[in-house]
Amino acid sequence: MQTYLISAVLAFVAIPAFSMKSSTMIRPLSSPYYGISSSKTNDHAVLNSYDFLKFEVVPGLEGVTTVSFKVLGTNKYLRHANFIMRLSKWDSSELFQEDASFRLLENCPNGYMIQSLNYPNLAVKFDGKALTIADMPGHPSNDFCWIFTSHW
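Worth saying up front: this structure is predicted, and the values here are computed from it rather than measured. (Residues numbered from 1 in each chain as written. Predicted model: local features only at pLDDT ≥ 70, side-chain atom pairs only at ≥ 80, totals over all residues. Heavy atoms only, no water.)

1. A look at the overall build of the protein chain
Counting its secondary structure elements, the protein chain contains one helix and 14 strands. Split into buried and exposed, the 152 residues of the protein chain put 47% on the buried side. Within the protein chain, contacts between residues separated by at least 24 positions form 46% of all contacts whose residues are at least 6 apart in sequence. Carbon together with sulfur atoms contributes 54% to the accessible area of the protein chain, which is approximately 7800 Å² in total. (Helix = DSSP H or I, 4+ residues; strand = E, 2+ residues; numbered from the N terminus. Buried < 20%, exposed > 50% of the residue type's maximum accessible area, 1.4 Å probe, protein only. Contact = heavy atoms within 4.5 Å. Areas by Shrake-Rupley, 256 points an atom, 1.4 Å probe, with all protein chains shown as cover.)

2. Things to note about the environment of Pro-137
Tracing the chain through its elements places Pro-137 in the loop between strand S13 (130–135) and strand S14 (146–149). Judged by relative accessible area, Pro-137 falls into the partly exposed class, the value being 25%. Considering only alpha carbons, one finds Pro-137 and Ala-123, 14 residues apart in sequence, at a separation of 9.0 Å. Setting aside its immediate chain neighbours within four residues, Pro-137 contacts Met-113 and Phe-144.

3. Details of the pattern of salt bridges
Counting across every chain of the model gives four salt bridges. Notably, a salt bridge pairs Arg-79 with Asp-99, separated by 2.6 Å at the nearest N-O pair. You can see Arg-79 sitting in strand S8 (residues 76–81) and its partner Asp-99 sitting in helix H1 (residues 94–99), a full 20 residues away along the chain. The class of Arg-79 is buried, set by a relative accessible area of 12%. (Salt bridge = Lys/Arg side-chain N within 4 Å of Asp/Glu carboxyl O.)

4. Observations regarding the pairing of S14
Burial of S14 is two-sided: the residues Trp-146 and Phe-148 facing one way and the residues Ile-147 and Thr-149 facing the other way are all buried. Looking at chain direction, strand S3 (residues 25–28) and S14 are connected through four bridges and run antiparallel. If you follow Pro-28 over to S14, its bridge partner there is Trp-146. (Pairing = 2+ DSSP bridges.)

5. Here we look at the state of the cysteines
Evaluated as defined, the whole model comprises one disulfide. At a sulfur-sulfur separation of 2.1 Å, the disulfide partner of Cys-108 is Cys-145. The sign of the -80 degrees torsion about the S-S bond sets the Cys-108-Cys-145 disulfide as left-handed. With Cys-108 in strand S10 (residues 102–108) and Cys-145 in the loop between S13 and S14, the pair connects residues that are 37 residues apart, well separated along the chain. (Disulfide = S-S within 2.5 Å.)

What follows is the structure in structure tokens.
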């Protein structure tokens, strides 16, 4: 299995390098029995307690201090569009590249906030089973904190 080492300096705060397996599940810190999966009716990314998607954490499609989340075995990426997190097929547009690129902020206890590249005041949030991007809170909030695991 390949491991990606990611290190970044964001807003003068050093983010230590960490490793992630190429088969990674993204879970909310406060609900680790849930994971990201695809909606059965549209391209939205949702939280579910079964049928988790596995992602490859790859260098960001845009920006040097970013990562992108590619659905394992597909050409789909986790991205935001109209404030909703989606699982969309790769496309070469600049907007897609930016929407699918994120900064990992190590400001959650034992987890990360996933900050939008092109809207740096927004981060991935879960609200029930919906995944959106929303204004980042001034302090860590459980609905903005995520963990990355390689197993259930």
